[in-house]
Amino acid sequence: MKSKVTVSATILAAALAVAGCQSTVETRESTAELPPMEQPFYPKGTVFQSEGLNGPIKTTVVKNDGVVFEASDTDGCSWSRSVKFAQLAPSASWNNCGTRSSTETAEVELISGNMWPLTLESKAGFSVKGNSTNSAGGGAWETARSCEVDGVVNLTVPAGTFDAYKVVCKDTWNTRTT
């Protein structure tokens, strides 16, 4: 049974990553007790399919050397972040993401907690100070992001139905649920 839990945690990591960006995910609360989930590692060449504002988006990991994680989308958006903060942390740099053409960089600092391994008690806080260069002039900005596990959900994606940790991250502009 233990090997089944290990396989489930691996599948869960993939489902969690893909589900974070899909708009067609069906979720419902779950009473499942999940084991702690270690931080997933996505090697160069890993591809995720998700639903964007203008249709399907394919995201490809272009670098993961254990220090920096870089990815790019088929819609022209590219970004990087520190591997030590992983998938839930704010990006340290990004280019041509969203509705405007811009390049942004940020200093990201973990100020409290730790998300990994994911458990029902996981939470973390980040301080983010950045600079934007875009056609409107850009400028300096700052925000804080808080992330925490908000229970367990049962989600259905094209790959199947899985129990997963529900993670909610909030900053000045957005609330993201993964």
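Here goes a summary of the coordinates provided. (Residues numbered from 1 in each chain as written. Predicted model: local features only at pLDDT ≥ 70, side-chain atom pairs only at ≥ 80, totals over all residues. Heavy atoms only, no water.)

**Focus: the overall build of the protein**
Right, so step 1: Counting its secondary structure elements, the protein contains one helix and 11 strands.
Right, so step 2: Starting at the N terminus and ending at the C terminus, the protein contains elements arranged as α-β-β-β-β-β-β-β-β-β-β-β.
Right, so step 3: Within the protein, the proportion of its 178 residues that are buried is 37%.
Right, so step 4: Sequence separation of 24 or more characterises 43% of the internal contacts of the protein that already satisfy a separation of 6 or more.
Right, so step 5: Surface exposure of the protein reaches about 10,300 Å², of which carbon and sulfur atoms provide 52%. (Helix = DSSP H or I, 4+ residues; strand = E, 2+ residues; numbered from the N terminus. Buried < 20%, exposed > 50% of the residue type's maximum accessible area, 1.4 Å probe, protein only. Contact = heavy atoms within 4.5 Å. Areas by Shrake-Rupley, 256 points an atom, 1.4 Å probe, with all protein chains shown as cover.)

**Some thoughts on the packing of aromatic side chains**
Right, so step 1: Counting across every chain of the model gives three aromatic pairs.
Right, so step 2: With a centroid separation of 6.1 Å and an interplanar angle of 50°, the aromatic rings of Trp94 and Trp141 are classed as tilted. Residue Trp94 is located in strand S6 (residues 93–95), and its partner Trp141 is located in strand S9 (residues 139–157); the two are separated by 47 residues in the primary sequence. For the residue pair Trp94 and Trp141, the accessibility class agrees, reading buried in each case.
Right, so step 3: Three or more aromatic residues joined by ring pairs form one cluster here, namely Trp94, Trp141 and Trp173. (Phe/Tyr/Trp six-rings, centres within 6.5 Å; stacked < 30°, edge-to-face > 60°.)

**Some words on the environment of Ser122**
Right, so step 1: Looking at the secondary structure, you find Ser122 in the loop between strand S7 (102–114) and strand S8 (123–134).
Right, so step 2: Residue Ser122 is classed as buried on the basis of its relative accessible area, which comes to 5%.
Right, so step 3: Sequence separation between Ser122 and Val167 is 45 residues, and the spatial gap between their C-alpha atoms is 9.0 Å.
Right, so step 4: At 3.1 Å, the side chain of Ser122 forms a polar contact with the backbone oxygen of Pro117. (Polar contact = N/O pair within 3.5 Å; in protein donor to acceptor, adjacent residues only side chain to side chain.)

**Considering the pairing of strand S4 (residues 68–73)**
Right, so step 1: A one-sided burial pattern is seen for S4, the buried positions being Phe69, Ala71 and Asp73 and the unburied ones Val68, Glu70 and Ser72.
Right, so step 2: Both strand S3 (residues 55–64) and S4 contribute to a ladder of five bridges, which runs antiparallel. In the sheet register, Asn64 faces S4, and the bridge partner there is Phe69.
Right, so step 3: As paired strands, S4 and strand S5 (residues 78–82) are joined by five bridges and run antiparallel to one another. Looking at the pairing, Val68 lines up with Ser82 of S5.
Right, so step 4: From the end of S4 to the start of S5, which pair antiparallel, there are four residues, and Gly76 there has a positive phi angle of about 95°. (Pairing = 2+ DSSP bridges.)

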